[in-house]
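Residue-level listing of the chains:
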Amino acid sequence: MPDARLVYLIGDPVAHSHSPLIHNAAFRAAEIRATYRARRVPLEDLAEAVAALRVPEVLGANVTIPHKRAVIPHLDALAPAAEVIGAVNTVIRQDDGTLLGDNTDAAGFLHGLDDEHELHGAPTLVLGSGGAARAVVYALLTELRPTTLTLAARSPDKAEALAADFAALGPDTALHVVSLREAGPAVRASRLVVNATPLGMHPRTDATPWPDAGDFGPAHTVYDLVYAPAETRLLREAAARGARAIGGMAMLVGQAAASFERWTGTPMPLGPVHSVLRDHLSR
Ligand code: NAP
């Protein structure tokens, strides 16, 4: 790559994002002459912001809230994960100038499960039914293939719609939907519990999607997609009862690594990225 290239983050807001830190550290470490820039784009400017990605200087973009669905009509093609999940977090400018939409959140989620084979087929519960839950359910049904997958949400109608959209992906998985209030038996019976709600996120760190921490034990892996703080109340309480706890930073880096590789054809240098993030978060 002889000339300096650009990657954008398109969203609103973007000021809080860790992505510029992650990708600029990775470009430096991989000696790739590229810069990652966050660009706040209100919805009325989305079409223009996407059109600006078609020039040869641009490698691609990340897309974040609230544009992950709205960006789709502005793209030329979708990768299978983005098609099924119904949301795009990564745009790749291809050599012919066309724009491919992909979703790397599912790959990022799996990145956090380093011994995922141990959880292959394990009964699983997902709390929440928003955009992140869709990526998680896609990853579960296509890779871990749980025998039982329960979706627990405060709006069960949304979880029912999610289950209906994805049912064909997991013919061997029994899919159930319950309200959050009724999720106790599924929490106790599951080996993997995933929080895909924002409960526990900074600044409301006293919140948790599952206050009945006595339901957790050593057989559980609890995976919280929330990454700020690194250890949420959910993870702290689950770990105190012997559960294995995984924080959202692993997914954040995993989805970034998958995007980086799609733009550059080069694996992300993970060591320098983790070190920059640790320094940043300890300040
Ligand atoms: P979203 O699309 O807004 O969905 C949020 C989900 O949480 C919805 O099901 C929502 O229910 C539910 N919810 C929100 N507040 C709730 C409450 N007080 N009680 C019960 N349920 C509640 O958001 P998202 O994009 O899926 O993100 C969810 C979380 O995952 C966020 O904290 C985000 O930062 C995190 N995330 C992390 C990564 C990572 O790389 N680590 C990647 C993506 C997302 P309703 O549908 O009823 O509103």
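One structure accompanies this document, and this report is about it. Computed from a predicted structure; not experimentally measured. (Residues numbered from 1 in each chain as written. Predicted model: local features only at pLDDT ≥ 70, side-chain atom pairs only at ≥ 80, totals over all residues. Heavy atoms only, no water.)

One finds Phe109, Val126 and Tyr223 to be the most contacted residues of the largest nonpolar core, which totals 33 residues. Elements with a minimum of two residues in this core: helix H3 (80-85), helix H4 (105-111), helix H5 (131-144), strand S8 (148-153), helix H6 (156-166) and strand S10 (192-195). A per-element tally of this core places H5 first, with nine residues. Look past the residues within four positions of Phe109 in its chain and what remains in contact with it is Val136, Ala139, Leu140, Val194, Tyr223, Leu225 and Met251. Counting 22 residues, the second-largest nonpolar core is a separate cluster that includes Leu9, Ile32, Ile92 and Trp263. (Core = buried A, V, L, I, M, F, W, Y, C linked by side-chain atoms within 4.5 Å. Buried < 20%, exposed > 50% of the residue type's maximum accessible area, 1.4 Å probe, protein only. Helix = DSSP H or I, 4+ residues; strand = E, 2+ residues; numbered from the N terminus. Contact = heavy atoms within 4.5 Å.)

The full set close to the ligand counts 21 residues, and Ser129, Ala132, Arg154, Ser155 and Lys158 are the nearest of them. One of the side-chain nitrogen or oxygen atoms of Lys158 is found 2.8 Å away from an oxygen atom of the ligand. At a separation of 2.9 Å, a nitrogen atom of the ligand approaches a polar backbone atom of Gly248. In isolation the ligand offers 920 Å² of accessible surface; the protein chains occlude 76% of this area. Put simply, the parts of the chain that give the shell around the ligand at least two residues each are H5 and helix H9 (249-264). Residue composition of the shell around the ligand, grouped by class: 12 nonpolar, seven polar and two charged. (Near = heavy atom within 4 Å. Polar contact = N/O pair within 3.5 Å; in protein donor to acceptor, adjacent residues only side chain to side chain. Areas by Shrake-Rupley, 256 points an atom, 1.4 Å probe, with all protein chains shown as cover. Nonpolar A, V, L, I, M, F, W, Y, C, P; charged D, E, K, R; others polar.)

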